[in-house]
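# Commentary on secondary and tertiary structure
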Amino acid sequence: MAEIRSLRDAVAELVHSGDTVAMEGFTHLIPFAAAHEVIRQGVTDLTLVRMTPDVIYDQLIGMGAARKLVFSWGGNPGVGSLHRFRDAVENGWPRPLELDEHSHAGMANRYVAGASRLPFAVLRGYRGSDLPSRSETISTVVCPFTGEELAAVAAINPDVTVIHAQRADREGNVQLWGLVGVQKEAALAASRVLVTVEEIVDDLTPAPGAVVLPSWAVDAVAVAPNGAHPSYAAGYTVRDNDFYQAWDAISRDRDTFLGWMRETVLAAS
Amino acid sequence: MAEIRSLRDAVAELVHSGDTVAMEGFTHLIPFAAAHEVIRQGVTDLTLVRMTPDVIYDQLIGMGAARKLVFSWGGNPGVGSLHRFRDAVENGWPRPLELDEHSHAGMANRYVAGASRLPFAVLRGYRGSDLPSRSETISTVVCPFTGEELAAVAAINPDVTVIHAQRADREGNVQLWGLVGVQKEAALAASRVLVTVEEIVDDLTPAPGAVVLPSWAVDAVAVAPNGAHPSYAAGYTVRDNDFYQAWDAISRDRDTFLGWMRETVLAAS
Amino acid sequence: MTWTPDELMTVNAARALAGARTCFVGIGLPSAAANLARRTIEPGLVLIYESGTLGSKPSRLPLSIGDGELADTADAVVSVPEIFNYWLQAGRIDVGFLGAAQVDRYANVNTTVIDRGPGRPEGRLPGAGGAPEIAASCGKVFLVLRHSTRNLVGTLDFVTTVGHGDGPGSRERLGLPGAGPVAVITDLGIMRPDPVTAELTLTDVHPGVSPEQAVAATGWPLAVAADLRVTDQPTEAELTALRRLT
Amino acid sequence: MTWTPDELMTVNAARALAGARTCFVGIGLPSAAANLARRTIEPGLVLIYESGTLGSKPSRLPLSIGDGELADTADAVVSVPEIFNYWLQAGRIDVGFLGAAQVDRYANVNTTVIDRGPGRPEGRLPGAGGAPEIAASCGKVFLVLRHSTRNLVGTLDFVTTVGHGDGPGSRERLGLPGAGPVAVITDLGIMRPDPVTAELTLTDVHPGVSPEQAVAATGWPLAVAADLRVTDQPTEAELTALRRLT
């Protein structure tokens, strides 16, 4: 059963240095508040998993919290490069970053296999691409009925998955809606699940398109209003597109980045 | 794009003798009205696919419309046997019935593979069971990462899938909710899709838990109020449990069954 | 109060759910037992039906696994592929509760066909449904069925669902993750796999039932535990709750 | 009215969607073109974004593929695994519309890394995203990018996404179901695979652009079609609609 805890306590208990951590949310519901708490607590040597690293992992990578990144598209959506990600990969700053790189279809299916507790998933993908030459988690299987060769991707089973949702009830049942992305799969693939929410409510009234994660599939729920900012929570906040655009300048220079992180993230609590 | 048609025209155009037909709906939203139209039109030699054959296939089988059944649980839920199904299998009446028999997990994954246009799906299933000895659509694959042997099941891709839904709009976009079963997968696995609905509305207002099939993934929509009876459409009708219980007596005897079908199904239009 | 043998069976099946958090519920006797447990010994029990409902709280016993109330009262409704892949196969369910047509001494189950002898066609049963994977993947499994030599047989006509296979180590060799059947609850008593041989052994009889009755109603030479127990009589609260359900 | 080279590119990209029913839309230039098509030549065009929206009808151009309006205006919102497995891989999408960092003469695409020469670390690009499977499974594919020798190269540094592989028959040998790239639309003109050699050939230049300009901005000896056309000038309606979008 999920316990309702402070974000600080939940991160301290569930996210450990050296863990494989997935913070999911496909553009929507990205758990920035939890990532900032991870940075503040000095958790490090993480293997970060996420389809779209986005600004959230740019920050973790730039602060040196990651040793490896598992991903499929590493840009600032609609804006340009993730400069901290590029600096880590190209120049090893602040530390080298190992990569395991997939396509979106491959990553999505890796989470599906993880949620299903299968060791791999099958897709018609990667054909002719150089991607398999750089990844040990892409292989092939042959259909026993037709003889067709298909791509196989290894399951992802994070030590901990962190997601943001609109709300939870007092039992810890979690409800999210809008673009639901791959959050259910990422949560169910993990050994431990931390969910930040906009608010705790008495009753989860049914909502169109809502996904409910029952309390017994979640370890901790922490209230973090606007906890997806600069991403958003449909029905509560809107995407701060200006911030995404401003991030380009903030993150381009190492010192500017570090100054911003110190003032905005490390100084907070 | 889906055309809105009469049930008679839709069945005449989309369901042909010799087809592989899936009529899905897991206890809920079973497309009885469409099945009755198939019987009235004398469509025959069908390969019928359905996880739970239920009374709907008991009727089709008893009327001699099927040459083969692909399924995973063939009972009258909560009541007992499907007598027409048993009579066909045990005594070849009114004609022999070939079987391809799976578990629910296997059938569900066969539809998933079909909807994904993959030739097979992988699951951890059938281990130690005698089921694989009687089916050519169960095999094994070896995980290329871990070496674990897993079950593989062949995709199901019906010629036509028939489902019942609560409603559609005038464009032919379809909306269903409540127990959504395996209908989306069955529809997307098929070459042709026929949906009967309780009503056509101007706008599909979003509903909690609703699945929407866009018009361009459907071939025909036909209005059939109470078209799931004795099954039901959440929000419109309730399950006629009395009928399910009455079916035991109606179906136990060949002549009683034929008389009931003549009076209730064949005489209708 | 007096009670019927079926009520005895259901009450004892419900008691077996003490301490369980989540239960994958087969229709029929298992559903009665699981719903009774929610009203008596384990009010927080999460009922999961293969029709895709997580946390159903029906007020009356559903006739089928797809009655509307199962969805209306659920914490979440998911698709049938999801319930089998993300929830059952993933090992998230503590207890699987199954009915059965034929059970053998290793708690393997046949729900497919009955051999009716030479020259006669096989008798047809409903088939596997969710059982093979429920028995494979749940933390543990309870079976509930009426006690007779027709149901409890020396040799299954068909192995639909593996319990303990051909004995100790069988589940491990087959790669079945859950512990498998830990009790077979009947209208005469309870059988449990022997810790050493894995063979079903009579560990409990219901009040008023003799072990000889159970042995006579079993299709193999049923071992009887040295410390054979008698199950507690159904309480008034249990019987009242059960009768209200149906 | 006057226009910019980028507007020329986007208007021509939108025109390419005439007759399409469903379009899988990459972010950036493809999204601008697809949304412009919905407002001009193909009002019924169904826009599908990899964030899981089927039939989005945004009023303004979204900055990212996950802007709230994409979900709010969609006919259906599905999970990311579902959009890739049930909709894209299943071959339900007519047109895939992709941007690119590097494209070679067979319309193969690199969005992964740039070789910056010996002794220097690779330059990092965003990566594959949805492109490999979009290019494999859509009925046909349009690429849209700015025309320069940096973008249109003789040899890719990395093959992220296969267009026509190493030439005729390549897609069939690889088992790629869709027709692959049928046009590369740039700010100078349009290149299409030669029906025989599958090599990208300049078939159209935009008004005011000479074929020599396009050849000079291409990193391989670009063939020019014998019947080279000049694209129609952007209409006032097209430009107005485009400028309202952004």
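Residues numbered from 1 in each chain as written. Chains lettered and ligands numbered in written order. Predicted model: local features only at pLDDT ≥ 70, side-chain atom pairs only at ≥ 80, totals over all residues. Heavy atoms only, no water.

A separate point is the overall build of chain C. Helix and strand counts for chain C come out as 8 helices and 14 strands. The C-alpha radius of gyration computed for chain C amounts to 17 Å, which stays within 12% of the reference 18 Å derived for 246 residues, consistent with globular compactness. For chain C, the spread of C-alpha atoms along the principal axes amounts to about 45 × 40 × 35 Å. As displayed, chain C offers around 8600 Å² of accessible surface, 53% of which is attributable to carbon and sulfur atoms. The averaged location of the 26 negative side-chain charges in chain C is 3 Å from the averaged location of its 20 positive side-chain charges. (Helix = DSSP H or I, 4+ residues; strand = E, 2+ residues; numbered from the N terminus. Rg over C-alpha atoms; globule rule 2.2 N^0.38 Å. Areas by Shrake-Rupley, 256 points an atom, 1.4 Å probe, with all protein chains shown as cover. Lys, Arg positive; Asp, Glu negative; His and termini not counted. Charge placed at Lys NZ, Arg CZ, Asp CG, Glu CD.)

In terms of helices and strands, chain A carries 8 helices and 15 strands. Its C-alpha radius of gyration of 18 Å places chain A within 12% of the 18 Å reference for a compact globule of 269 residues. Across its three principal directions, the C-alpha atoms of chain A cover 55 × 45 × 30 Å. Sorting the 269 residues of chain A into buried and exposed places 66% on the buried side. Long-range contacts, defined as pairs at least 24 residues apart, comprise 74% of the intrachain contacts of chain A with a sequence gap of at least 6. When the accessible surface of chain A is split by element, carbon and sulfur atoms take 45% of a total near 8400 Å². A distance of 3 Å separates the average location of the 22 positive side-chain charges in chain A from that of its 33 negative side-chain charges. (Buried < 20%, exposed > 50% of the residue type's maximum accessible area, 1.4 Å probe, protein only. Contact = heavy atoms within 4.5 Å.)

Right, let's get into the interface of chain D and chain A. Residue-level contacts link 40 residues of chain D with 45 residues of chain A. A buried area of about 3400 Å², summed over both sides, lies between chain D and chain A, and 60% of it is on carbon and sulfur atoms. Counting across the interface, chain D meets chain A through 4 salt bridges. The partner of Glu-90 of chain A in a salt bridge is Arg-116 of chain D, with the nearest N and O atoms 3.4 Å apart. Ranked by the residues each element gives to the side of chain D that touches chain A, the list is headed by helix H4 (residues 80–88) of chain D, at 4 residues. (Buried area = accessible area lost by both parts, 1.4 Å probe. Salt bridge = Lys/Arg side-chain N within 4 Å of Asp/Glu carboxyl O.)

Residue and element names in this part refer to chain D. The 10 strands are arranged S4-S3-S2-S1-S5-S10-S11-S12-S13-S14 in an open sheet whose pairing can be described as mixed. On the outer flanks of this sheet lie strand S4 (76–77) and strand S14 (223–230), each paired with one strand and no other. Strand direction decides the pairing type here: strand S10 (residues 140–144) and strand S11 (residues 181–185), joined by 4 bridges, are parallel. By the bridge assignment, Phe-142 is partnered in S11 with Ala-183. (Pairing = 2+ DSSP bridges.)

Let's shift gears to the packing of aromatic side chains. All told, the structure shown has 18 aromatic pairs over all chains when counted by the stated rule. For the ring pair Trp-216 of chain A and Trp-87 of chain C, a centre distance of 5.3 Å and an interplane angle of 65° mean the geometry is edge-to-face. On the criterion of chain membership, the pair formed by Trp-216 of chain A in the loop between strand S14 (211–213) and strand S15 (220–223) and Trp-87 of chain C in helix H4 (residues 80–88) is interchain, its members lying in two chains. Look at Trp-216 of chain A and you get buried, because its relative accessible area is 9%. Members of the aromatic cluster, joined through ring pairs, are Phe-243, Trp-247, Phe-257 and Trp-260 of chain A. Geometry around Tyr-57 of chain A places Arg-50 of chain A over its ring, the cationic atom sitting 5.9 Å from the centre. (Phe/Tyr/Trp six-rings, centres within 6.5 Å; stacked < 30°, edge-to-face > 60°. Lys NZ or Arg CZ within 6 Å of the ring centre and 35° of its normal.)

Okay, the pairing of strand S5 (residues 95–98) of chain C next. Along any regular strand the residues' side chains alternate between the sheet's two faces. Residue and element names in this part refer to chain C. Side-chain alternation along S5 places Val-95 and Phe-97 on one buried face and Gly-96 and Leu-98 on a second face that is also buried. Pairing analysis gives 3 bridges linking strand S1 (residues 22–25) to S5, with the strands arranged parallel. Looking across to S5, one finds that Cys-23 is bridged to Val-95. Where S5 and strand S10 (residues 140–144) come together, 4 bridges link them in parallel fashion.

Taken together, the contacts link 40 residues of chain C with 45 residues of chain B. Between chain C and chain B, the buried area comes to about 3400 Å², and carbon and sulfur atoms account for 60% of it. The tally of links between chain C and chain B comes to 4 salt bridges. Glu-122 of chain C is paired through a salt bridge with Arg-134 of chain B; the nearest N and O atoms lie 2.7 Å apart. Here chain C is connected to chain B by 20 residue pairs in polar contact (both at pLDDT 80 or more). Looking at the side of chain C that touches chain B element by element, the count peaks at 4 residues for H4 of chain C. Each residue belonging to the side of chain C that touches chain B can be placed in one class, and the counts come to 19 nonpolar, 15 polar and 6 charged. (Polar contact = N/O pair within 3.5 Å; in protein donor to acceptor, adjacent residues only side chain to side chain. Nonpolar A, V, L, I, M, F, W, Y, C, P; charged D, E, K, R; others polar.)

The subject of this paragraph is the sheet that holds strand S10 (residues 149–154) of chain B. Residue and element names in this part refer to chain B. Spatially, S8-S10-S9 is the arrangement adopted by the 3 strands of the open sheet, whose pairing is antiparallel. Each edge of the open sheet is held by one strand with a lone partner, namely strand S8 (120–123) and strand S9 (138–142). The sheet shows a mean angle of 40° between the axes of neighbouring strands, direction not considered. Its contacts with the sheet put helix H5 (residues 104–116) on S8 and S10, and the angle it makes with S8 is roughly 140°. (Axes fitted to C-alpha atoms, helices over the stretch in contact; angles between N-to-C directions.)

Residues and elements named next belong to chain A. One can read the domain layout of chain A as domain 1 (3–102 + 157–266) and domain 2 (109–154). Computed over C-alpha atoms, the centres of domain 1 and domain 2 are 26 Å apart. For the pair domain 1 and domain 2, the summed buried surface comes to about 1100 Å²; carbon and sulfur atoms form 55% of the total. Counting the contacts that link domain 1 with domain 2 gives 1 salt bridge. Taken together, the links from domain 1 to domain 2 amount to 11 residue pairs in polar contact (both at pLDDT 80 or more). Of all the elements, helix H6 (residues 183–189) adds the most residues to the side of domain 1 that touches domain 2, at 4 residues. (Domains from an automatic or database assignment.)

Attention now moves to the pairing of strand S13 (residues 192–201) of chain B. All names here are of chain B. Counting buried residues in S13 gives 9 out of 10 residues, a clear majority hidden from the surface. For strand S11 (residues 160–169) and S13, the ladder comprises 9 bridges, and the chain directions are parallel. Bridge pairing links Arg-167 to Glu-199 in S13.

Turning to the side chain of Gln-175 of chain B, a few remarks are in order. Residue and element names in this part refer to chain B. Within the secondary structure layout, Gln-175 lies in strand S12 (residues 174–176). Within polar-contact distance, the side chain of Gln-175 engages the side chain of Arg-167 at 2.6 Å. A distance of 3.0 Å separates a polar side-chain atom of Gln-175 from the backbone oxygen of Thr-205. In contact with Gln-175, other than residues within four places in its own chain, are Ala-165, Gln-166, Arg-167, Leu-204, Thr-205, Pro-206, Ala-207, Ala-210, Val-211 and Val-212.

The periodicity of an α-helix, 3.6 residues per turn, causes residues three or four positions apart to be oriented the same way. Of all the positions in helix H1 (residues 7–14) of chain A, only Leu-7, Ala-10, Val-11 and Leu-14 of chain A are classed as buried. End-on view of H1 of chain A: buried residues confined to an arc of 95°, all on one side of the axis. (Arc of directions from axis to C-beta.)

What follows covers the state of the cysteines. All names here are of chain C. Summed over the entire model, instances satisfying the criterion amount to 0 disulfides over all chains. Free of any disulfide, Cys-23 has its nearest neighbouring cysteine sulfur in Cys-138, separated by 7.6 Å. Here Cys-23 falls in the buried class, since its relative accessible area comes to 0%. (Disulfide = S-S within 2.5 Å.)

Looking now at the nonpolar core. A general feature of soluble globular proteins is that nonpolar side chains tend to end up buried together. Val-174 of chain A, Tyr-111 of chain B together with Leu-17, Phe-24 and Trp-87 of chain C are the most contacted members of the largest nonpolar core, which has 113 residues in total. For Tyr-111 of chain B, the residues in contact, after removing those within four places along its chain, are Ala-22, Glu-24, Val-49, Arg-50, Met-51, Ile-156, Val-182, Glu-185, Ala-186 and Ala-189 of chain B. In this structure, Val-49 and Ala-186 of chain A, Ala-165 of chain B together with Ile-185 of chain D belong to the second largest nonpolar core, which totals 112 residues. (Core = buried A, V, L, I, M, F, W, Y, C linked by side-chain atoms within 4.5 Å.)

This brings us to the pattern of salt bridges. A full pass over the atoms with the stated rule returns 55 salt bridges over all chains. We note a salt bridge from Arg-127 of chain A to Glu-148 of chain A, for which the minimum N-O separation is 2.9 Å. Taken together, the residues span a long stretch of sequence, with Arg-127 of chain A in the loop between strand S8 (120–123) and strand S9 (138–142) and Glu-148 of chain A in the loop between S9 and strand S10 (149–154) at a distance of 21 residues. Note on Arg-127 of chain A: relative accessible area 17%, which makes it buried. A salt bridge links Arg-254 of chain B to Asp-87 of chain B; its shortest N-O distance comes to 2.6 Å. In this pair, Arg-254 of chain B is assigned in helix H8 (residues 254–266) and Asp-87 of chain B in helix H4 (residues 83–91), connecting sequence segments 167 residues apart. Judged by its relative accessible area of 31%, Arg-254 of chain B falls in the partly exposed class. Put simply, Arg-67, Lys-68 and Glu-98 of chain A are held in one network by salt bridges that share partners.

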